[in-house]
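Close look at the chain arrangement
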Amino acid sequence: MASKQLKEYLKGNCLGRDHAMKAAELEQTLQISENELRRQVNRLRRKNIPICSGSEGYFYAAHAGEVVDTILNLEDMLKGLQDSMSGLRGSLERFGERIGDGS
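Residues numbered from 1 in each chain as written. Predicted model: local features only at pLDDT ≥ 70, side-chain atom pairs only at ≥ 80, totals over all residues. Heavy atoms only, no water.

With that out of the way, let us pick up the overall build of the protein chain. Looking only at helices and strands, the protein chain has four helices and two strands in total. Along the protein chain, from the amino end to the carboxyl end, the secondary structure elements read α-α-α-β-β-α. For 103 residues, the compact-globule formula gives about 13 Å, and the C-alpha radius of gyration of the protein chain, at 17 Å, lies well above that figure. By the burial criterion, 26% of the 103 residues in the protein chain qualify as buried. Considering only contacts within the protein chain whose residues lie at least 6 apart along the sequence, 51% involve residues at least 24 apart. (Helix = DSSP H or I, 4+ residues; strand = E, 2+ residues; numbered from the N terminus. Rg over C-alpha atoms; globule rule 2.2 N^0.38 Å. Buried < 20%, exposed > 50% of the residue type's maximum accessible area, 1.4 Å probe, protein only. Contact = heavy atoms within 4.5 Å.)

Right under this line is the structure:
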């Protein structure tokens, strides 16, 4: 499935948070895998297309506030990943190993 198809589907059927669609339903409707859906969403976002997500599912932003909310959610996810990496780095001491902090 092309990114353009996903964009057009979301824009036409899932405009705004109130019309969000869960990933599983999108996958079934568009006949794509979970990984492919994530890849396509990522690709569209990198092209400045306002594909948003939240606990409600995926949707095409109807206004800037929805984009901001998604950005804040992604920042929280990033913080969680950074904390996990930090903990794993700390655990390497048990094995007598050490790696850089990624900075």
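Attention now goes to the nonpolar core. If you look at the biggest cluster of nonpolar residues, it comprises 18 residues, and the most contacted ones within it are L6, L10, L26, L37, I51 and Y58. Taken together, the elements giving at least two residues each to this core come down to α1 (3-13), α2 (23-30), α3 (34-46), β1 (51-54) and β2 (57-60). Not counting chain neighbours up to four residues away, the residues in contact with L37 comprise L6, A23, L26, E27, I32 and Y58. (Core = buried A, V, L, I, M, F, W, Y, C linked by side-chain atoms within 4.5 Å.)

If you walk through the whole model with that rule in mind, you get five salt bridges. In this structure, R17 and E56 form a salt bridge, with 3.1 Å as the shortest nitrogen-oxygen distance. Within this pair, whereas R17 is found in the loop between α1 and α2, its partner E56 is found in the loop between β1 and β2, the two being separated by 39 residues in sequence. In this structure R17 comes out as partly exposed when scored by relative accessible area, which is 21%. (Salt bridge = Lys/Arg side-chain N within 4 Å of Asp/Glu carboxyl O.)

Let us now look at the side chain of E66. Tracing the backbone shows E66 in helix α4 (residues 64-91). No salt bridge is formed by the buried E66; the nearest opposite charge belongs to R17, separated by 4.9 Å. If near-sequence neighbours (up to four positions away) are discounted, E66 is found in contact with G16, R17, C52, F59, Y60 and A61. (Lys, Arg positive; Asp, Glu negative; His and termini not counted.)

For P50, the location among the structural elements is in the loop between α3 and β1. Remark: the alpha-carbon pair of P50 and L81, spanning 31 residues in sequence, is separated by 23 Å. For P50, the contacting residues outside a window of four places in its chain are F59, Y60, A61 and V67.

Moving on to unusual backbone geometry. With glycine set apart, most residues show a phi of negative sign, and most peptide bonds adopt trans. At Q31, a residue that is not glycine, the phi angle is positive and equals roughly 55 degrees. Within the element layout of this structure, Q31 appears in the loop between α2 and α3. Positive phi outside glycine occurs at N48, with the angle close to 65 degrees. Structurally, N48 can be placed in the loop between α3 and β1. Relative accessible area serves as the criterion here: at 70%, N48 is assigned to the exposed category.

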